[in-house]
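# Structural overview for review
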Amino acid sequence: MDPEQLMESLSKELHATLQAMAKTKDLEEKRKYSEIVHNLTQSLGIFLKLASDMMGLDFDEFDELDDYDTE
């Protein structure tokens, strides 16, 4: 799955879970939703950190390498 598509799916699921959590009155159910929110935000954080780390890399040096030389 495309990372951008995965992040979008996680964001949509997070939004839906927060809406469901806001509607419930039962404390046990709210606790379950909060665990789901926690897990989803951790997952999104991993992708955002990876994207941030990738932005700091200099990809120009990879263009100079010819790893796929077939000669």
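Residues numbered from 1 in each chain as written. Predicted model: local features only at pLDDT ≥ 70, side-chain atom pairs only at ≥ 80, totals over all residues. Heavy atoms only, no water.

## Let's talk about the nonpolar core
Judged by nonpolar contacts, Leu 10, Leu 14, Val 37, Leu 40 and Leu 44 together constitute the single largest core of 5 residues. Every element with two or more residues in this core is listed here: helix H1 (3-23) and helix H2 (27-55). In terms of residue count, the dominant contributor to this core is H2 (3 residues). If near-sequence neighbours (up to four positions away) are discounted, Leu 44 is found in contact with Met 7, Leu 10, Ser 11 and Leu 14. (Core = buried A, V, L, I, M, F, W, Y, C linked by side-chain atoms within 4.5 Å. Buried < 20%, exposed > 50% of the residue type's maximum accessible area, 1.4 Å probe, protein only. Helix = DSSP H or I, 4+ residues; strand = E, 2+ residues; numbered from the N terminus. Contact = heavy atoms within 4.5 Å.)

## Things to note about the packing of H1 against H2
At a closest axis distance of 9 Å, the pairing of H1 and H2 adopts a crossing angle of 160°. When the axes of H1 and H2 are compared, the pair comes out roughly antiparallel. The element H1 and its partner H2 pack so that their crossing is left-handed. Note on element contacts: H2 touches H1 through Lys 30, Tyr 33, Ser 34, Ile 36, Val 37, Leu 40, Thr 41, Ser 43, Leu 44, Phe 47 and Leu 48, opposite Leu 6, Met 7, Leu 10, Ser 11, Glu 13, Leu 14, Thr 17, Leu 18, Ala 20, Met 21 and Ala 22. The residue inventory of the contact of H1 with H2, partitioned by class, reads 15 nonpolar, 5 polar and 2 charged. (Axes fitted to C-alpha atoms, helices over the stretch in contact; angles between N-to-C directions. Parallel < 35°, antiparallel > 145°, perpendicular 65-115°, else oblique. Left-handed = near helix turned anticlockwise from the far one by under 90°. Nonpolar A, V, L, I, M, F, W, Y, C, P; charged D, E, K, R; others polar.)

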